[in-house]
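Listed below, chain by chain, are the residues.
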Amino acid sequence: LVKPDGSMGYTWAHYIPDWMDGQVQGFFVLVSDITDLKRSEAALRENRRFLQDLIEHNGTLIFAKDKENKYLLINQMYEKLTGHSREQVLGHTDFEIYSEKQAEIFVKNDKSVMESMQTQHYEELLGAHYFLTTKFPLFTEDGHVNGVCGISTDITAQKELQKKMEWLANTDMLTSLANRRHFHELAAIEISRA
């Protein structure tokens with residue numbers, strides 16, 4: 001409705017019949033101004049849409065799990081980089097999706113985050129991809145941990161570059177053998193071991 005000041009508003013009207021001798025003689029109307037409530041609902045919808053776009057369309061892999069290690073949320077980058085669809089992941093645990101060895105690593109890291117109630121960072125290998133993962137606990141309204149959320153950045157290219165730089169630093173370019181500096185490092189290790 002249009003308010004007296006010309007602004008738009010919303011009301012909630014509740015019509016109550018006025019019964020007399022088994023017949024409706026009229027009705028009572030209870031009207032409440034719900035303009036602020038409608039504006040709050042619109043703002044909440046806008047915030048939810050913004051967060052969904054942020055989760056779905058950024059360049060990182062995002063996921064959330066409950067305390068039982070069941071996936072609650074994944075984004076499209078998760079699907080793209082892991083090759084697992086939402087149908088294969090949501091409601092399932094790491095042990096149902098990945099190898100036992102890989103699942104054990106993920107669950108161990110998740111448990112550490114939930115027990116410490118602190119944000120933690122990990123380098124994780126998944127298939128042929130290296131990820132730098134930030135995991136943080138999810139809390140209930142009363143402050144109890146009820147899950148974990150993760151944001152993973154694909155660092156495979158950086159890891160490959162790092163390996164190449166290490167090879168170049170430790171290898172003689174002419175012979176492709178360990179260079180003198182690398183030889184001395186390895187010799188020192190072996191001498192101390194002996």
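Small disclaimer: the values here were computed from a predicted structure and weren't measured. (Residues numbered from 1 in each chain as written. Predicted model: local features only at pLDDT ≥ 70, side-chain atom pairs only at ≥ 80, totals over all residues. Heavy atoms only, no water.)

1. Re the overall build of the protein
Our working rule: Only DSSP runs of H or I reaching four residues or more are called helices, and only runs of E reaching two or more are called strands; each is numbered from the N terminus. The globule rule used here is 2.2 Å times the number of residues to the 0.38 power, and the radius of gyration it is set against is calculated over C-alpha atoms. With residues, only the protein chains shown are counted as cover, and all accessible areas are computed by Shrake-Rupley using a 1.4 Å probe. Under the convention used here, Asp and Glu are negative, Lys and Arg are positive, and both His and the chain ends fall outside the count. Taken as the charge location is NZ of Lys, CZ of Arg, CG of Asp or CD of Glu.
Of regular secondary structure, the protein possesses seven helices and seven strands. Going residue by residue from the N terminus, the α and β elements of the protein occur as β-β-α-β-β-α-α-α-α-β-β-β-α-α. Whereas a compact globule of 194 residues would reach a radius of gyration of roughly 16 Å, the protein reaches 30 Å, over 25% beyond that. With the C-alpha coordinates of the protein rotated into their principal frame, the extents come out at 105 × 40 × 30 Å. Roughly 14000 Å² of accessible area belongs to the protein as shown, and the carbon and sulfur atoms make up 59% of that amount. The protein carries 21 positive and 29 negative side-chain charges, and their two centres are separated by 7 Å.

2. Observations concerning the environment of Asn69
Filter applied, for reference: To sort residues, take the accessible area from a 1.4 Å probe on protein chains only and compare it with the maximum for the residue type: under 20% means buried, over 50% means exposed, and anything in between is partly exposed. Pairs of residues are marked as contacts when any of their non-hydrogen atoms sit within 4.5 Å.
Considering the arrangement of structural elements, one finds Asn69 in the loop between β3 (61-66) and β4 (71-74). Judged by its relative accessible area of 8%, Asn69 falls in the buried class. The spatial distance from the C-alpha of Asn69 to the C-alpha of Glu79 is 18 Å, given a sequence separation of ten residues. Apart from the residues within four sequence positions on either side, Asn69 is in contact with His92, Thr93, Asp94, Val107 and Asp110.

3. So, empty space enclosed by the protein
So the rule is basically this: With a 1 Å grid laid over protein atoms only, a set of points is called a cavity when a 1.4 Å probe fits there but cannot get out and a pocket when it is open yet has protein on both sides within 12 Å along at least five of seven lines; lining residues have an atom within 4 Å of a point. Grid points are joined across faces, edges and corners, and a volume is the space filled by probe spheres set on the points. Charged residues are taken to be Asp, Glu, Lys and Arg, nonpolar residues to be Ala, Val, Leu, Ile, Met, Phe, Trp, Tyr, Cys and Pro, and polar residues to be all remaining types, Gly included.
In this structure the tally under the stated criterion is one cavity of 30 Å³ or more. Considered as a void within the structure, the largest cavity measures approximately 110 Å³ in volume. Along its surface, the largest cavity is lined by 14 residues, and Leu61, Phe63, Phe106, Glu124 and Leu126 are the ones closest to its centre. Secondary-structure elements contributing two or more residues to the lining of the largest cavity are β3, α2 (76-82), β5 (120-126) and β6 (129-139). Of the residues contributing to the lining of the largest cavity, the split by class is eight nonpolar, three polar and three charged.

4. Here's the deal with the pattern of salt bridges
Formally: Every case where a carboxyl oxygen of Asp or Glu lies within 4 Å of a side-chain nitrogen of Lys or Arg is listed as a salt bridge.
What the rule picks out here adds up to 13 salt bridges. The partner of Lys135 in a salt bridge is Asp110, with the nearest N and O atoms 2.6 Å apart. Remark: Asp110 occurs in helix α5 (residues 100-116) and Lys135 occurs in strand β6; sequence separation between them is 25 residues. Like Lys135, the residue Asp110 is buried in the burial classification. By sharing partners, the salt bridges in this structure join Lys65, Asp94, Asp110, Glu124 and Lys135 into a single network.

5. Looking at the sheet that holds β3
Strands belonging to one sheet form pairs held by backbone hydrogen bonds; the direction of such a pair is parallel or antiparallel. Applicable threshold: Note on pairing: DSSP must find at least two bridges between two strands before they are called paired. Axes here refer to lines fitted to C-alpha atoms; in helices the fit is confined to the stretch in contact. Angles between the N-to-C directions go from 0 to 180 degrees.
The antiparallel open sheet is built from five strands, whose spatial order is β4-β3-β7-β6-β5. Two strands lie at the open edges of the sheet, namely β4 and β5, each paired on one side alone. Averaged over all pairs of adjacent strands, the angle between their axes in this sheet comes to 25°, without regard to strand direction. Relative to β6, β5 is paired through seven bridges, and the arrangement is antiparallel. Bridge pairing in β6 links His121 to Thr134. The sheet contacts of α5 involve β3, β5, β6 and β7 (145-154), and relative to β5 the element is tilted by about 170°. Contacts between helix α6 (residues 156-170) and the sheet are confined to β5, β6 and β7, with β6 contributing the most and set at about 135° to the helix.

Remember that the coordinates give geometry; whether it matters functionally is a separate question.
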